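# Per-entry structural report
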Amino acid sequence: MVIRRHARSNPTLIKLARNLSSEIQERLCSSAVESGPARFNAFVSRVTDPPDSSGESLPLSGKSIAIKDNIATSAFPTTCSSAFLQEFTPSYDATVVQLIAQAGGHISGKTNCDEFGMGSFNINSVYGPVLNPFQLSTGGLLHDNEDRSAGGSSGGSAAAVAADLCFAALGTDTGGSIRLPASYCGVAGFKPSYGIVSRWGVIAFADSLDCVGVLAKNTGRIRDVFDIIQRYDSKDPTSAPQDIRRLSRHRSASRLEELKGLSSGLFNGVKIGIPREYFPSEMQPSVTAQFRVKLQDLKERGAVLVPVSLPSTRLSLSTYYVLASAEASSNLARFDGMRFGSKVQHSEETDLSQTSNIYAASRAAGFGPEVRKRILLGTHALTADAFDNYFLQAQRIRKVIKTDFDAVFRSRNVLSRDPPESSSSELDDDDTKVDILLHPTAISSAPRLSEPLKGVDGYLQDIMTTPASLAGLPALSIPSGFAGDDWPLGMSLVGQWGDDDLVLRLGEAMEQTS
Amino acid sequence: MIGRLLAAQCPQVQQRMLSSFAQGGRATWPGWETIIGIEVHSQIKSRQKLFSTSLNSVDEAPNSRVSLFDAAFPGTLPKLNRKCVDLAIRTALGLNASVQHRSAFDRKHYFYHDLPSGYQITQSYAPIALGGILHLDKVDRTVRIKQVQLEQDTGKTTFSESLNRTQVDLNRAGAGLMEIVSEPDMRTPEEAVAYIRTLQALLRSVGASDGNMEQGSLRCDVNVSVNKAGEPWGTRCEIKNLNSTKSVQAAIACEVDRQIKLLQSGSVVSQETRGFDEHRMTTFKLRSKEDAPEYRYMPDPNLPPLILTEADIDSVRQSMPELPHKTAARLESVYGLVPRDIQVLMSVGSGSNVGYDGEVGPGNAVEYFEAVAKGRDPKVVVNWITQELVAQLGRRNENFDQTPVSAQQLGDLIDLVQDGTITGTSAKTVIRHMFNTQTSSSTLISELVDTLGLRSQAVTDDTLQKLCEQAVQELPIEADLVRKGNDKVLMKMVGKVMKLSKGTADAKIARAALQDMLSS
């Protein structure tokens, strides 16, 4: 049986709910009582049946996998945590959902998220914010008892993992939406290289940035699920072709072959780049301090730490918001209340000579404030007058950001159209080149939900996560101790495009004794 | 129809057009120059749509050929149909345009109920082909082609009076279109029509499109400006959605008239998008330049750039059917056909014989002709095709591919006539019989001739003699007149003999026999 969570008392939703079918209204009323695990608000709908562990033995048999609510499922409504899509249950499953089901995985429910994936704190949801479960899992806090953010936009997925409500969860990451909640909730979260996991059936926020990834208690579990979903999909035109996948996997495998100490937690021969631009003044001092402890530990275990510079990092935030919002304004145009999205009757004074006024009524009521804001920003960036200065400029900077990364990695970027400097080798043996980059995932631990996260400050955090998104690189956040307030922190490993296996294995090794 | 409406609503235009037709088909506005450019939207004749695997619709029930992607279901993604790309390359090569090694897809945004995703995927910034030429033989004008771009068609909106509601059919949504943009190189409405006709023939011959304006598979937007001779070009207006060559011609004429009148009265032409009212024979304002919609073009992030190597383009070139002017030249040089026959062969069934995905369609009259003409006199063959087959098809309102007479059968039939086994009249009877009874292509012509009793040998000299005597008996008055030297009546008697022989008699021999009989 599917249990569906009700949307928080939201005037818009109440207005929309009057149009809902009685069946859905009934389900809204019978939703779980807000106690126990449901208190975290991690799931927006879930099944009550436990996973069936009797049947044949498949890689994910008996394992519950939660799915972010912007990934299409035919067994559950797929609402993107938006008032607009309360009535939408797709007739189809996303490719990743099909793959998990085929591998024996038990799809246990849909997780709360920021509306259409837009947000860093999971507060832009029609179901209300996700609460960070860390507090309860450690038996309460010494300093305060205030609810904290689970991070966003895949906050429900991170919380479901942190509260042991599933084996692993799928999230999506457009600018940090998997890594940040993983960091806040003290779990591992992996955004694969762009194009490695199919986006077919994922409701697009920004097509050129969206990645489906995995959150779990540890990197080993992430690998179990990632191995299932990293498949070429002919239905996704941005899916990386087979030959490039083979090339990258082979390269990671041969590098890992060289790093024999990893299985026993040793990092001899591993070169880790520390990007100096990833320590903004806004970063909490305890984050930097804790990160230093981690670096010292890695050094003692044989890693070579290399300070590197990615000079365009400071431009990534504005670049990201122009591109992501522009794509969002385009992708969300289909939600117009005609086919998708609940239709709101326009008022009687509406000037009907302009058809746009009819669309406006539904779109203004259906989208939440953050989504509206980004659609407006993106719309502006695409107008003829602004296009060159915003969109095209941002596209140019995006290329520079990629070049920055390519300059520090040992692995060549196989997607780059430029020929490699040493044409015979996929690798660069320059001593200054690194296997991976390592940096704190967030500038702080999870913020309190009562703290207003408004204005530019709310976006500042994204400076740590958006560069890897813009460059399409694999990025893994793993738990890395605690901040001064005893709340969890995460650190991010970022690899060259296609070095997903290398990133995951290094992450796993870092988790071993830390 | 248009002519009558012209007379009623647009007397000046009509007068001018009529007088110009009298002078050889050229509309003229003495002292003024007219500059015309045309954007053609042509549906690509592919089995599947441009970015989805749903089949292109011809006449299917509304909304029966719609995939999740066509209806813009959230989470669905486009997948480029390479067949559409190949057909666009064929078109570009036919237009002598330069196929781009790298082109890209963009989104053009606007809200409308027959555009489910809120944007149309098109090629605004980097079209698949640039720069080309199309020579219009009929008016001897060379038109430069600016570009060819691939794009999606929209759904179809109809308003139901009875239900008082707008209805949307998404069968067409996402179908592949080519937008072919000309430079402003045409100077008269007649040249505009010649351009469209020539382009239609090209699209059909390369198998890229049906090019049928009546069925909406080819639609035109026309840009028109006027200026006093010797002065710089005027401000142009675009007339949208013209659905026949007649309305193209009439809309240009009316628009030129309107602009000249404006300028003559001392006012100015402002840049506008206009529509054409066929009933009132006027163009009308749709929107001004200031109201031009903001389409917010954006590179489509789902579709990687379309990379075409020289080898890709070459392989399309190798598989290309012959272009119309080459076919015409070959029919003339190899078979010695006259232009009128060439034109009939090339226009018969065009538009209905374009196969899907560039495959050769059924019923190509030129191919049929060449098959029959192998080892036969081409002039005799072309006469049988253009005069008998085409006439029969025309009478039945059928397409060329519906002829029941195969090339093999027509060849056999012509051979029988040539060697005197049957008469020409009998052969026509055979063809009519084949149409009436829809014989199969395996039917042997010689057996058919025997079954119908049409073999000329059946009429021996004795039999003919008897038939002539019978004719003289049955037409005594006519016989007398012939005896008195009235040759005109002789033909009536020959006709009688032919009728009595059921067409198997040779008319010449019958005439000689009758003359013999009655002159003694």
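Since the structure is predicted, the reported quantities are computational estimates derived from the model, not experimental observations.

### With respect to the overall build of chain A
Secondary structure assignment for chain A yields 16 helices and twelve strands. Relative to its full complement of 514 residues, chain A shows a buried share of 61%. Considering only residue pairs separated by 6 or more positions, chain A has 78% of its internal contacts joining residues 24 or more positions apart. Put simply, chain A shows about 19,400 Å² of open surface, and 52% of that area lies on carbon and sulfur atoms.

### Thoughts on the overall build of chain B
Looking only at helices and strands, chain B features 17 helices and 16 strands. Projected onto its principal axes, the C-alpha coordinates of chain B cover approximately 95 × 55 × 55 Å. Put simply, chain B has 520 residues, and 51% of those count as buried. Considering only residue pairs separated by 6 or more positions, chain B has 69% of its internal contacts joining residues 24 or more positions apart. Here chain B contributes 59 positively and 61 negatively charged side chains, and the mean placements of these two sets differ by 3 Å.

### So, the interface of chain A and chain B
Between chain A and chain B, the residue contacts involve 36 residues of the former and 30 residues of the latter. Across the interface of chain A and chain B, roughly 2,800 Å² is buried in total on both sides, 60% from carbon and sulfur atoms. Ranking the residues of chain A by area buried against chain B places Pro237, Arg334 and Arg339 of chain A at the top, with a combined share of 22%. Linking chain A with chain B are one salt bridge, by the criterion used here. For the pair chain A and chain B, the number of links is twelve residue pairs in polar contact (both at pLDDT 80 or more). Listed by contribution, the elements that provide at least two residues to the side of chain A that touches chain B are α10 (313–331), α11 (356–366), α12 (369–382) and α13 (384–408) of chain A.

### Thoughts on the sheet that holds strand β4 (residues 106–111) of chain A
Residue and element names in this part refer to chain A. Read from one edge of the open sheet, twelve strands run β1-β2-β4-β3-β5-β7-β6-β11-β12-β10-β8-β9, paired in mixed fashion. Each end of this open sheet is capped by a strand with a single partner; those strands are β1 (2–4) and β9 (304–308). Geometrically, the sheet is characterised by an average inter-axis angle of 25° between neighbouring strands, direction not taken into account. Across six bridges, strand β11 (residues 475–482) lies against strand β12 (residues 488–495) in antiparallel orientation. What sits directly across from Leu476, in β12, is Leu493. The strands that helix α5 (residues 155–162) touches are β2 (43–47), β3 (64–68), β4, β5 (168–173) and β7 (211–216); relative to β5, the one it contacts most, it runs at about 155°.

### Brief notes about the sheet that holds strand β15 (residues 298–299) of chain B
Consider a sheet: its strands pair through backbone hydrogen bonds, and that pairing is either parallel or antiparallel. Residue and element names in this part refer to chain B. The three strands are arranged β5-β4-β15 in an open sheet whose pairing can be described as antiparallel. Strand pairing shows two members of the sheet lacking a second neighbour, β5 (119–122) and β15, which therefore form its edges. Looking at chain direction, strand β4 (residues 106–109) and β15 are connected through two bridges and run antiparallel. Note on β15: the bridge partner recorded for Asp106 is Pro299.

### A short note on the environment of His106 of chain A
Residue and element names in this part refer to chain A. Relative to the elements of secondary structure, His106 occurs in strand β4. For the pair His106 and Asp406, spaced 300 residues apart in sequence, the C-alpha to C-alpha distance is 39 Å. Here His106 is in contact with Val47, Asp49, Pro50, Pro51, Lys63, Ser64 and Ile65, once residues within four sequence places are set aside. Of the polar contacts made by the side chain of His106, one reaches the backbone oxygen of Asp49; its length is 3.3 Å.

### Notes on the nonpolar core
All names here are of chain A. Counting residues in hydrophobic clusters, the biggest one holds 115 residues, and the most contacted among them are Phe116, Leu170, Phe405, Leu438 and Met510. Examining the composition of this core, we find that eight residues originate from one element, α10, more than from any other. Not counting residues within four places of it along the chain, the set of residues in contact with Leu438 comprises Ile272, Gly273, Ile274, Pro275, Phe291, Leu295, Leu298, Met491, Ser492, Leu493 and Met510.

### Some remarks on empty space enclosed by the protein
All names here are of chain B. In the structure shown here, the tally under the stated rule is eight cavities of 30 Å³ or more. If you add up the space inside the largest cavity, you get close to 160 Å³. Contributing to the lining of the largest cavity are 17 residues, with Phe69, Asp70, Pro116, Ser117 and Gln152 lying nearest its centre. Grouping the constituent residues of the lining of the largest cavity by class yields seven nonpolar, six polar and four charged. Its residues assigned to classes, the lining of the second largest cavity shows seven nonpolar, four polar and three charged.

### Side note on helix α9 (residues 365–373) of chain B
Residue and element names in this part refer to chain B. Taking burial as the measure, the nine residues of α9 include seven buried ones, the bulk of the element. Within the sequence span of α9, burial applies to Ala365, Val366, Tyr368, Phe369, Glu370, Val372 and Ala373. With its phi angle positive at about 75°, Gly375 sits one or two positions after the end of α9.

### Some remarks on a positive patch on the surface
A contiguous patch of positive charge, built from Arg396, Lys399 and Lys402 of chain A together with Arg102 of chain B, is present on the exposed surface. Residue contributions to the positive patch peak at three residues, all from α13 of chain A. Relative to the helices and strands, Lys399 of chain A resides in helix α13. The class for Lys399 of chain A is exposed, based on a relative accessible area of 59%.

### Observations concerning the pairing of strand β10 (residues 176–182) of chain B
A regular strand places its side chains so that they alternate between the two faces of the sheet. All names here are of chain B. With respect to burial, β10 is a largely interior element, seven of its seven residues being buried. With burial as the criterion, each face of β10 is covered, one bearing Gly176, Met178, Ile180 and Ser182 and the other bearing Leu177, Glu179 and Val181. Bridge count for strand β1 (residues 32–43) against β10 is five bridges, and the pairing is antiparallel. Across the sheet, the residue bridging to Glu39 is Val181, located in β10. The pairing of strand β7 (residues 141–152) with β10 spans seven bridges and is antiparallel. Paired with Gln149 across the bridge in β10 is Glu179.

### Structural notes on the pattern of salt bridges
The final tally for this structure, using the stated rule, is 41 salt bridges over all chains. When the shortest N-O distance is used, the salt bridge between Arg249 of chain A and Asp501 of chain A registers 3.2 Å. Of this pair, Arg249 of chain A sits in helix α8 (residues 242–258) while Asp501 of chain A sits in helix α16 (residues 500–513), and the two are 252 residues apart along the sequence. Using a relative accessible area of 38% as the deciding quantity, one classes Arg249 of chain A as partly exposed. With a closest N to O distance of 3.4 Å, Arg340 of chain B and Asp341 of chain B form a salt bridge. The class for Asp341 of chain B is buried, based on a relative accessible area of 6%. Connected through shared salt-bridge partners, Arg199, Asp207 and Asp236 of chain A together with Arg107 and Asp300 of chain B make up one network.

### Quick look at the packing of aromatic side chains
Scanning the entire structure with this criterion turns up 22 aromatic pairs over all chains. Measuring from ring centre to ring centre gives 5.3 Å for Tyr359 of chain A and Phe111 of chain B, while their planes differ by 35°; the resulting arrangement is tilted. On the criterion of chain membership, the pair formed by Tyr359 of chain A in helix α11 and Phe111 of chain B in the loop between β4 and β5 is interchain, its members lying in two chains. With a relative accessible area of 29%, Phe111 of chain B lands in the partly exposed category.

### Structural notes on unusual backbone geometry
The amide bond that connects Gly152 of chain A to the next residue, Ser153 of chain A, takes the cis arrangement and shows omega of 5°. The backbone phi angle of Ser81 of chain A is positive, close to 55°, even though this residue is not glycine. Mapped onto the fold, Ser81 of chain A is located in the loop between β3 and α3 (95–102). Residue Asn63 of chain B is not a glycine yet carries a positive backbone phi of 60°. Mapped onto the elements of the fold, Asn63 of chain B is located in the loop between β1 and α3 (82–94).

### Comments concerning the environment of Leu256 of chain A
All names here are of chain A. Tracing the chain through its elements places Leu256 in helix α8. By relative accessible area, which is 15% here, Leu256 ends up buried. Note: C-alpha distance between Leu256 and Ala468 (212 residues apart in sequence) is 22 Å.

### Quick word on the confidence of the model for chain B
Residue and element names in this part refer to chain B. On average, residues of chain B score 89 in pLDDT, and 92% of them are at 70 or above. In the model, residues 1–11 has pLDDT below 50 throughout and makes 20 contacts with residues more than four positions away in sequence or in other chains. Note that residues 14–25 has pLDDT below 50 and, in this model, 16 contacts with residues that lie over four places away or in other chains.

What counts and what doesn't
- Residues numbered from 1 in each chain as written.
- Chains lettered and ligands numbered in written order.
- Predicted model: local features only at pLDDT ≥ 70, side-chain atom pairs only at ≥ 80, totals over all residues.
- Heavy atoms only, no water.
- Helix = DSSP H or I, 4+ residues; strand = E, 2+ residues; numbered from the N terminus.
- Buried < 20%, exposed > 50% of the residue type's maximum accessible area, 1.4 Å probe, protein only.
- Contact = heavy atoms within 4.5 Å.
- Areas by Shrake-Rupley, 256 points an atom, 1.4 Å probe, with all protein chains shown as cover.
- Lys, Arg positive; Asp, Glu negative; His and termini not counted.
- Charge placed at Lys NZ, Arg CZ, Asp CG, Glu CD.
- Buried area = accessible area lost by both parts, 1.4 Å probe.
- Salt bridge = Lys/Arg side-chain N within 4 Å of Asp/Glu carboxyl O.
- Polar contact = N/O pair within 3.5 Å; in protein donor to acceptor, adjacent residues only side chain to side chain.
- Pairing = 2+ DSSP bridges.
- Axes fitted to C-alpha atoms, helices over the stretch in contact; angles between N-to-C directions.
- Core = buried A, V, L, I, M, F, W, Y, C linked by side-chain atoms within 4.5 Å.
- 1 Å grid on protein atoms, 1.4 Å probe; cavity = no way out; pocket = protein on both sides within 12 Å on 5 of 7 lines; lining within 4 Å.
- Points joined across faces, edges and corners; volume = space filled by probe spheres on them.
- Nonpolar A, V, L, I, M, F, W, Y, C, P; charged D, E, K, R; others polar.
- Patch = residues over 30% accessible without salt bridge, like charges linked within 9 Å, V, L, I, M, F, W, Y side chains within 5 Å.
- Phe/Tyr/Trp six-rings, centres within 6.5 Å; stacked < 30°, edge-to-face > 60°.
- pLDDT = per-residue confidence, 0-100.

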